[in-house]
Amino acid sequence: MKKYLPLLLSLLLLTALLPFQGLAKEKDDPDVELWNAVNPLNTTVTFLNTGAHPDDERSDLLAYLSRGLGVKTSSLIANRGEGGQNEIGNELGNALGIIRSNEMIEAAKITGVKAYHLSETTSDPIYDFGFSKSPEETLEKWGEDLTYERLIRFIRSYQPDVVMPSFRNVPSQHGHHRTMAILSQRAFEDATDPTVFPEQIEEEGLSAWQVKKLYLPAESGDTATTSVEIGDYNPIYEMSYPQLGEKSRYMHKSQGMGKDVPVEPREFNLELQKSIYPNKEDDDIFANIPYDFSEWATVVSEDDISANLENLQKDLNEIVNLYPDREAILPNSQEALRNVQKLTDKVEKGDIDASVKNDLLHKLELKEEQLQKVSLIASGLDVKTTLDSEVVTQGESTKIKMTITNNGKQAIHQIDASLLTSEEWTVDSGDGSDIKKLEPNESRDITFTVHVPKDAAYYQPYGESSVQSGITFKEEGIETTNILELDETFAVLPALSVSTEPEDIVVNTADLKSEYTVNVKVKNYYKGEKNASVSLNLPEGWTSVPEKADVNFKDRLDEQKTQFKITPPENIEKGEFSAEAIVESDGKEYDTTVQEISYDHIKDSYFQYPSTMDGVAFELLKPDSLKIGYIESGFDEVADYLLDVGFDVTKLNEADLQSGDLSQYDTIVTGIRANLSRPDLIKNNQRLLEYAENGGHVVVQYHKPGDNWDTNKTPPYSLEIGMPSIEWRVTDEDAQVTMTQPDHKLFNFPNKITDNDWNGWVQERGLYFPMNWDDRYETFVSMADPGEDPFDSGILMTNYGEGTYLYTSLVFYRQIANQVPGGYRIFTNLLSYGAEEDAKEISAAKMRTLVERLANEGEFDSENDVHLLTTHLTAVSHYENKEQAEKVVKHMTSFKQLINQMLENKSISEKAFSDLDKEADNLIEKWQ
Ligand SMILES: [Zn+2]
């Protein structure tokens, strides 16, 4: 069966080289589009690769099967990858799932594969809820019955000959991957059993389907039952199959996929798990499976049909051999189309074994589709669509133009262009949709008017397109029809979208503000003028200024922003609440946010969700004047969330790290995985350590193995991140947490941490827990996934010189982004460590630093005043050292008089005065 490829390719290679040998004056680029269409005529076999996330597909093997052998190949992916990270933007959750689904579509186009998903909507239970250690947990969350039912339905309708999960069911694997391996293997027996999900057969009209073989990727060459050489270079694509695979993987941009690989041999090792041919040799993936219609001819008992099948394959081979001659291919593919249709009739009526009949009819149906495509490409007809507007609203009429151009060398006859919509829609085609004849280089525009019903369904990112184009023509007495996607996304959206900034509200009951600002953005998708009023639907006791605001739009896509000041009730209760932004227009209410998702490498998409702000009120105590330096990694938004709740945060840039005064910060925090994205941090790591040594407090958030974390050099004392990384996680967000030093300051200042603060966490507890650390680190928490031994390294802290260094592998950034009060409160305590001592131990030296800082901030008018105060404080330091309490008190009293005078002269700001006056009192109190 593998006989075809080497022979064919060596011929292709030869023809590709010929022009060069013939003085290289012919350009003759390979006709990739045509080859993509004719190559599948070589075989009737089908292959299905199953995985859990978009990017799980084995792109190199799929490229070889689909583009090399012409096998009809598909990827079936469970979810949308919503739980992943995003390397191209800040979309997460469903919005990221939409990006990844569309990247999957573009990636699959390159390998000639079709991508399918088990997840059907943005609220589907088959969701990427984050890393999972077990298939049991995965299936509990996805719903085992629902997931399996959809998988069986897919196999019964797609009818693959060979199935291969991308991953094996081994403990070191992601639970989602293991789940798809388990279910795919189970389906081998169940898809063919009519008592499994019988309603699919009895009510939906599907047939039971016997998968012929199931392979797993082999663990090594030694355990492989079948090894396939896939490293070949293909001159048509001008690259090897692994290179084609990587070109496809580059489309998974949000996941940072794709790499450059050389042309070199590559073996893909497979292990046969299940087969309906138990005792036969298996040196080839498709061994024993009828590979094309001439092999089907030997399976069918009826002589007439058998002979027809034999002839059909000869015709198909002839078409492949005619490549790249489009003009010669067209009559042949039309003729083959006629023969396939005739043969389908015969097989339907023929007296052949029921299961063979079912299989064969399916193969003929696929071949008919493939031939329609070959005919369209060979005809040279090019179809372009242009939309009056990519966005429309219910009840609107819009125009879609189809431009049909004959790029071929022969006239094409009886062309019929159409738009396909669901039944409730109406389309006026004018009178130009029938074209008797289109000569070479001739082009025709057909403008359709599309009437969108008043109750048309809104755009669904995972649904079928609401409009497609259809093109039919007749040559050799046979009609060929192809259905195509529009060139752009066509979306029915609500007339008005309303969104809020911020999207969520955190209310600190310990520091209740008199008002919170909410910006409400309204966008008009209606064609033309629209007047509306915006308001906030607030919980009881809240007030809003203004209560309502008018917004007026002239045109589609206009936007308007309105600012609201909202005030919480003084006695606001702790807990969750929600508020809704609403727009009213013409007696209709709109409460949906439309998030536009637009990137160059994928088609435009839209995510619609309720315009509700989630709020939470809780007590968050903060030290008075904690000054934080934050080294952002770009992978979390913690610094902004801290600013929102009133922390004094400075984002540190390269210059700050290199030469800035770090001693001004009480605490310096690094964002998650900062060593991966901040080379300037690695370069200045020594300065960060010196900062700690000189009395600073460093808080480092988690790093992944491979993030440029050096066990011995990055932290002050050895700290080794857990490997293999899959094992060093606590993925159950509700896993029991024990605070092993509950009386430690970390759990008591400024917030008193209780078990309650560990409740309501999202996604997981922590990642990449350290597996080895120096004895000088203290541990504070212990936690474990169900049934596993606990990790003690969720928070590690050591004294270093005068200061402290803290490392945490807990995912505070997720908790903070999701308004989990405990996440804020515990993280605040980690940041505030040391600030308590500072507060108590006031000294003249500390006051001098305060004066200098205030001077830097411009709080003094005169250099002289600054000099006077610092000299004064230096003298006080002297008395402190000699423990002359009376003198300290006396001189601090005159210090107070000094700043009073300065205040009267207005040479010092009120803020500086009150800060210094308070600290002076503290110092006096200390020595009295
Ligand atoms: Zn995956």
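- Going by an unreviewed UniProt entry, the protein chain carries the name PIG-L domain-containing protein and comes from Lentibacillus populi.
- Turning to the protein chain, the UniProt annotation filed under Cofactor (unreviewed entry) states: "Zn(2+)".

1. Some words on the pairing of strand β27 (residues 575-585)
Then, number 1: Both strand β23 (residues 530-537) and β27 contribute to a ladder of five bridges, which runs antiparallel. Considered in β27, the bridge of N537 is made with E580.
Then, number 2: Relative to strand β31 (residues 612-618), β27 runs antiparallel, the two sharing six bridges. Along β31, the bridge assignment pairs G575 with A617.
Then, number 3: Two strands pair when backbone bridges link them, and β27 and strand β28 (residues 588-590) are joined in this way by three bridges, in the antiparallel orientation. The partner of V583 across the bridge, within β28, is Y590.

2. Here's the deal with the packing of helix α4 (residues 93-111) against helix α9 (residues 241-249)
Then, number 1: Relative orientation of the contacting elements α4 and α9 amounts to 160 degrees, with a least axis distance of 8 Å. When the axis of α4 is compared with that of α9, the two are roughly antiparallel. Where α4 crosses over α9, the two elements pack in a sense that is right-handed. Mapping the contact onto sequence places A107, I110 and T111 in α4 and L244, G245, K247, S248 and R249 in α9.

3. Topic: helix α5 (residues 135-142)
Then, number 1: All of the buried residues in α5 are P135, T138, L139 and W142. Looking straight down α5, one finds that the buried residues subtend no more than 90 degrees of arc, so they occupy a single side.
Then, number 2: The elements touched by buried residues of α5 are α6 (144-158) and α7 (175-190).
Then, number 3: Of the residues one or two after α5, G143 is the one with positive phi, at around 90 degrees.

4. Topic: the sheet that holds strand β17 (residues 468-475)
Then, number 1: The four strands lie next to each other as β15-β13-β17-β18, forming an open sheet whose pairing is antiparallel. Only two strands of the sheet have a single partner each, and these edge strands are β15 (434-438) and β18 (478-485). Along the sheet, successive strands turn relative to each other by an average axial angle of 25 degrees, direction set aside.
Then, number 2: Summarising the sheet, strand β13 (residues 412-420) and β15 pair through four bridges and their orientation is antiparallel. Each residue of the ladder has a partner; that of I415, found in β15, is I435.
Then, number 3: Lying on the sheet, helix α12 (residues 326-349) is in contact with β17 and β18; it crosses β18 at an angle near 100 degrees.
Then, number 4: Against the sheet, helix α13 (residues 354-379) makes contact with β13, β17 and β18, and its axis sits at roughly 90 degrees relative to β18, the strand it touches most.

5. Digging into the UniProt feature "domain: FIMAH" (unreviewed entry) in the protein chain
Then, number 1: Per the UniProt record, the feature "domain: FIMAH" (unreviewed entry) sits at residues 845-925.
Then, number 2: Here residues 845-925 runs as 83% helix and 0% strand, with 16 Å between its end C-alpha atoms.

About the cut-offs
Residues numbered from 1 in each chain as written. Predicted model: local features only at pLDDT ≥ 70, side-chain atom pairs only at ≥ 80, totals over all residues. UniProt positions renumbered as here; feature names shortened; annotations may be inferred. Pairing = 2+ DSSP bridges. Helix = DSSP H or I, 4+ residues; strand = E, 2+ residues; numbered from the N terminus. Axes fitted to C-alpha atoms, helices over the stretch in contact; angles between N-to-C directions. Parallel < 35°, antiparallel > 145°, perpendicular 65-115°, else oblique. Left-handed = near helix turned anticlockwise from the far one by under 90°. Contact = placed C-beta atoms within 7 Å. Buried ≥ 20, exposed ≤ 12 C-beta atoms within 10 Å, placed from the backbone. Arc of directions from axis to C-beta.

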